[in-house]
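# Results of the structural survey
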Amino acid sequence: MTSIRNNWTREEISLIYNSPILDLIYRAATVHREHHDPQEVQVCTLLSVKTGGCVEDCSYCPQAARYNTDVKVQKLMEVHEVVNKAVEAKESRSTRSCMGAAWREVRDNRDFDKVLEMVKGVNSLGLEVCCTLGMLTHEQAEKLKAAGLYAYNHNLDTSEEFYGDIISTRTYDDRLNTLKHVREANISVCSGGIIGMGENDTDRIGMLHTLSTLPQHPESVPVNALVPVEGTPLEDQEKVSVFEMVRMIATARIIMPKAMVRLSAGRVRMTLEEQAMCFMAGANSIFAGDKLLTTPNPAVVQDQEMFQVLQLKPRVSHKDQVTAHIHA
Ligand code: SF4
């Protein structure tokens, strides 16, 4: 079985990333089968619990207050509304419920207390609860863990070198520090990035290198294709090809064999066949639901059809914990 390594070099990752595409897919599919059930795909739902008005300047994001987009600012949702949405998500076979708030960072105030209540409520439904709330201190991570948080998402977005071209209001180290706080609180780490923002292959490899050389690999690695939104600085970026997505997914699968590699934003612009190729390359997680925060996503019924055609089955919730218990 492929060993888990945290000492990958950029050169090694570059060789994998640049290998002939069919060899790359074959190798990734082989690694995938050593560590995962290839029929199994995790279904996650992402709900925007506080939308727009963000002070940050992420060039891809329609929720940044400084860009002129169609996004309407919405204050933090009520706890019961979020729990009701999670019930709906569970009924449509989602096992991970992710809540996103357009914040630069978590503040210790009533809104955070409300988020803690949301986490408790959704956790009580038996779903894996994930949050993406911006930067987080060690203490805040501990509070989220105590409330029942299963995972925390904080994407690196891109390579350290290209990061400054995309975001100027916080640093790469800020990102890494939040990931450290999440890890120290024993919360599952979800971190990946976006392609199609004008970065080059070296940047894509650089981001994968940073992720795969963290002391522990993230348990989830979302790979997003930019969905350009009018009014943002990246509105005119060209669509990435499926082969670029496949290269990222397959490389992530090979260098981080145990991670759930999530085919995230951008699915709405992919055919079923293209998505099938991504699953073949080692993706085993998706975001379901008609919206991904504020951008469109395939309809639930379309995904249900895709699961049928490709004979996929949704991964059960808390599988890692169940497996760990069985093997203890
Ligand atoms: S990605 Fe997050 S932090 Fe960046 S502008 Fe959007 S909501 Fe704010």
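This write-up is about the structure you can find in this document. Being a predicted model, the structure only gives us computed values, none of them experimental.

Rules of the game
Here the residue numbering is sequential within each chain, running from 1 through the sequence in written order. Reporting of local features is limited, given that this is a predicted model, to residues whose pLDDT is at least 70; pairs of side-chain atoms are given and counted only at 80 or more, and all residues count toward the totals for whole chains, interfaces and linings. The side-chain values count all of the structure's non-hydrogen atoms but skip hydrogen atoms and water molecules. Runs of E in the DSSP output that reach at least two residues are strands. Runs of H or I that reach at least four are helices, and both are numbered from the N terminus. Restricting the calculation to C-alpha atoms gives the radius of gyration, and the globule rule supplies 2.2 Å times the number of residues raised to the power 0.38. Buried means the residue's accessible area, taken with a 1.4 Å probe over protein chains only, is under 20% of the maximum for its type, while exposed means over 50%, and partly exposed covers the values in between. Whether two residues touch is decided by their heavy atoms; if any such pair falls within 4.5 Å, the residues are in contact. Positive charges come from Lys and Arg alone, negative charges from Asp and Glu alone, with His and the N- and C-terminal ends not counted. Charge coordinates come from a single atom per side chain, which is NZ of Lys, CZ of Arg, CG of Asp or CD of Glu. Throughout, near means a residue has at least one heavy atom within 4 Å of the molecule or strand. Each residue receives one of three labels: charged for Asp, Glu, Lys and Arg, nonpolar for Ala, Val, Leu, Ile, Met, Phe, Trp, Tyr, Cys and Pro, and polar for the others, Gly being one of them. Only buried residues count toward a nonpolar core. Its members are Ala, Val, Leu, Ile, Met, Phe, Trp, Tyr and Cys residues joined through side-chain atoms within 4.5 Å. Any pair of Phe, Tyr and Trp rings, taking the six-membered ring for Trp, is counted once the centres come within 6.5 Å. Such a pair is stacked with planes under 30 degrees apart, edge-to-face with planes over 60 apart, and tilted for the rest. Two conditions define a charge sitting above a ring: the NZ of Lys or the CZ of Arg must be within 6 Å of the ring centre, and it must be within 35 degrees of the ring normal. To estimate how far a helix should reach, multiply one less than its number of residues by 1.5 Å. Polar contacts, as counted here, are pairs of nitrogen or oxygen atoms within 3.5 Å of one another; within protein the pair requires one atom able to donate a hydrogen and one able to accept it, and residues that are adjacent in sequence qualify only if both atoms are side-chain atoms. Lines fitted to the C-alpha atoms define the axes, with helices restricted to the stretch that makes contact. Angles between their N-to-C directions range from 0 to 180 degrees. Left-handed describes a crossing whose near helix is turned anticlockwise from the far helix through less than a right angle; right-handed describes the clockwise counterpart.

## Observations regarding the overall build of the protein chain
- Helix and strand counts for the protein chain stand at twelve helices and twelve strands.
- Taking 2.2 N^0.38 as the reference for a compact globule, 328 residues should give roughly 20 Å; the C-alpha atoms of the protein chain span a radius of gyration of 18 Å, in line with that estimate.
- Principal-axis analysis of the C-alpha atoms places the extent of the protein chain at approximately 50 × 45 × 40 Å.
- Classification of the 328 residues of the protein chain by burial places 56% in the buried group.
- Of the contacts made within the protein chain by residues no fewer than 6 positions apart, 77% connect residues no fewer than 24 positions apart.
- Averaging the locations of the 35 positively and 43 negatively charged side chains of the protein chain gives two centres separated by 5 Å.

## Concerning the site of the ligand
- Around the ligand sit Cys-54, Glu-56, Cys-58, Tyr-60, Cys-61, Ala-64, Ala-102, Trp-103 and Arg-170, and that is every residue in its neighbourhood.
- Of the residues belonging to the shell around the ligand, the class tally is seven nonpolar, no polar and two charged.

## A look at the environment of Gln-39
- Examined against the element boundaries, Gln-39 turns out to sit in the loop between helix H2 (21–35) and strand S1 (40–50).
- Using a relative accessible area of 41% as the deciding quantity, one classes Gln-39 as partly exposed.
- Along the chain, Gln-39 and Leu-310 lie 271 residues apart, while their C-alpha atoms are 8.4 Å from each other.
- Excluding its chain neighbours within four sequence positions, the residues that come into contact with Gln-39 are Gln-311, Leu-312 and Lys-313.

## Considering the nonpolar core
- By size, the foremost hydrophobic cluster in this structure holds 88 residues, and its most contacted members are Tyr-60, Leu-144 and Tyr-152.
- With nine residues, helix H9 (residues 242–255) is the largest single contributor of residues to this core.
- Beyond its immediate chain neighbours, meaning those up to four positions away, Tyr-60 contacts Asp-157, Ile-166, Ile-167, Ile-194, Met-197, Leu-226, Thr-232 and Leu-234.
- Counting ten residues, the second-largest nonpolar core is a separate cluster that includes Leu-46, Cys-130, Tyr-150 and Ala-151.

## As for the packing of aromatic side chains
- Taken as a whole and assessed by the stated rule, the structure comprises one aromatic pair.
- Above the plane of the ring of Trp-8 lies Arg-5, whose end atom (NZ or CZ) is 4.1 Å from the centre.
- The ring of Phe-287 is capped by Arg-262, whose NZ or CZ atom sits 5.0 Å from the centre of that ring.

## Here's the deal with the environment of Glu-305
- Along the chain, the position of Glu-305 falls in helix H11 (residues 300–309).
- Along the primary structure Glu-305 and Leu-272 are separated by 33 residues, whereas in three dimensions their C-alpha atoms are 9.5 Å apart.

## Let's talk about helix H4 (residues 110–123)
- For H4, spanning 14 residues, the distance from its first C-alpha to its last is 20 Å, which sits close to the expected 20 Å at 1.5 Å a residue.
- Every buried residue of H4 is listed here: Phe-112, Lys-114, Val-115, Leu-116, Met-118, Val-119, Gly-121 and Val-122.
- Structurally, H4 contributes buried residues whose contacts are with S1, helix H3 (79–91), strand S2 (96–101), strand S3 (128–132) and helix H5 (138–147).
- By the N-cap criterion, in which a side-chain oxygen at the helix start approaches the backbone nitrogen of a residue two or three places on, H4 is capped by Asn-109, the distance to Asp-111 being 3.1 Å.

## With respect to the packing of H4 against H5
- Two numbers describe how H4 lies on H5: the axes approach to 8 Å, and their chain directions differ by 30°. Crossing hand, H4 versus H5: right-handed. Across from Phe-112, Val-115, Leu-116, Val-119, Lys-120 and Asn-123 in H4, the residues of H5 making contact are Gln-140, Lys-143, Leu-144 and Ala-147.
- A per-class count over the contact of H4 with H5 returns six nonpolar, two polar and two charged.

## Comments concerning helix H8 (residues 201–212)
- For H8, spanning twelve residues, the distance from its first C-alpha to its last is 16 Å, which sits close to the expected 16 Å at 1.5 Å a residue.
- Along H8, ten of the twelve residues are buried, which leaves the element largely enclosed by surrounding structure.
- Where H8 is concerned, the buried positions are Asp-203, Arg-204, Ile-205, Gly-206, Met-207, Leu-208, His-209, Thr-210, Leu-211 and Ser-212.
- The elements touched by buried residues of H8 are helix H1 (10–17), helix H6 (160–166), helix H7 (172–184), strand S6 (193–195), strand S7 (220–225) and H9.
- For H8, the side-chain oxygen to backbone nitrogen distance between the N-cap and Thr-202 is 3.1 Å, and the N-cap itself is Asn-200.

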